[in-house]
Amino acid sequence: MKVSYSTVFEQTADQVWAIIRDFNSYPVWVSSVTESHIEEGRAGDAVGAIRSFEEYGTRIRQRLLAHSDLHRSYVYGSCETLGAMTSYQGTARVIPIVDGNRAFLEWSVTFDCPTEEQVKCVKSLEDAMPRWFKSLRAVIENR
């Protein structure tokens, strides 16, 4: 299954990327994340780094699979199950919009879960992604 969400920011792609590029920046721009750290002291842009964060009282671990400043994107994958999702992979990418010097941000998550849980898993991501973007928008606008 795959769920995607996208939006346009009035800020430049570089401004948006500067906030989300660090794999450990969730507490900066996702208001529901209370704590995050990269295990083993690795850098927030080091492929293979594991991000361990807490959101709504749940500890979540994800591995950075790819990171590109050139393409303003990264890909991460689950280190363990998350609810009914047995595995998932997320991709974030920020694309410059030439008209108006704005940014297009797209986030997608592909995941596996039992057939009987698919509707619930899709709804969970469809509810979460707009909240993440709203939180990011508030951070950007307050800078």
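To start, this report covers the structure provided alongside it.

**Thoughts on the overall build of the protein**
Now for step 1: Each helix and strand in the protein was counted, giving three helices and seven strands.
Now for step 2: Helices and strands in the protein line up, N terminus first, as β-α-α-β-β-β-β-β-β-α.
Now for step 3: Relative to its length of 143 residues, the protein is compact, with a C-alpha radius of gyration of 15 Å against a globular reference of 15 Å.
Now for step 4: Projecting the C-alpha coordinates of the protein onto the three principal axes gives extents of approximately 45 × 35 × 25 Å.
Now for step 5: Taken across its 143 residues, the protein has 44% of its residues classed as buried.
Now for step 6: Residue pairs in contact within the protein that sit at least 24 positions apart in sequence constitute 49% of those at least 6 positions apart.
Now for step 7: Surface exposure of the protein reaches about 7500 Å², of which carbon and sulfur atoms provide 49%.
Now for step 8: Positive and negative side-chain charges of the protein, numbering 16 and 19 respectively, have mean locations separated by a distance of 2 Å.

**Quick notes on the sheet that holds strand E5 (residues 73–78)**
Now for step 1: The strand order across the open sheet formed by seven strands is E1-E7-E6-E5-E4-E3-E2, and the pairing between neighbours is antiparallel. Lying at the two open borders of the sheet, with one neighbouring strand each, are strand E1 (2–9) and strand E2 (33–38). In this sheet, neighbouring strand axes are inclined to one another by 20° on average, regardless of whether the strands run parallel or antiparallel.
Now for step 2: Relative to strand E3 (residues 50–55), E2 runs antiparallel, the two sharing five bridges. Across the sheet, Ser36 pairs through a bridge with Phe53, a residue of E3.
Now for step 3: Its contacts with the sheet put helix H1 (residues 13–20) on E1, strand E4 (58–68), E5, strand E6 (87–97) and strand E7 (102–112), and the angle it makes with E6 is roughly 150°.

Thresholds, definitions, all that
- Residues numbered from 1 in each chain as written.
- Predicted model: local features only at pLDDT ≥ 70, side-chain atom pairs only at ≥ 80, totals over all residues.
- Heavy atoms only, no water.
- Helix = DSSP H or I, 4+ residues; strand = E, 2+ residues; numbered from the N terminus.
- Rg over C-alpha atoms; globule rule 2.2 N^0.38 Å.
- Buried < 20%, exposed > 50% of the residue type's maximum accessible area, 1.4 Å probe, protein only.
- Contact = heavy atoms within 4.5 Å.
- Areas by Shrake-Rupley, 256 points an atom, 1.4 Å probe, with all protein chains shown as cover.
- Lys, Arg positive; Asp, Glu negative; His and termini not counted.
- Charge placed at Lys NZ, Arg CZ, Asp CG, Glu CD.
- Pairing = 2+ DSSP bridges.
- Axes fitted to C-alpha atoms, helices over the stretch in contact; angles between N-to-C directions.

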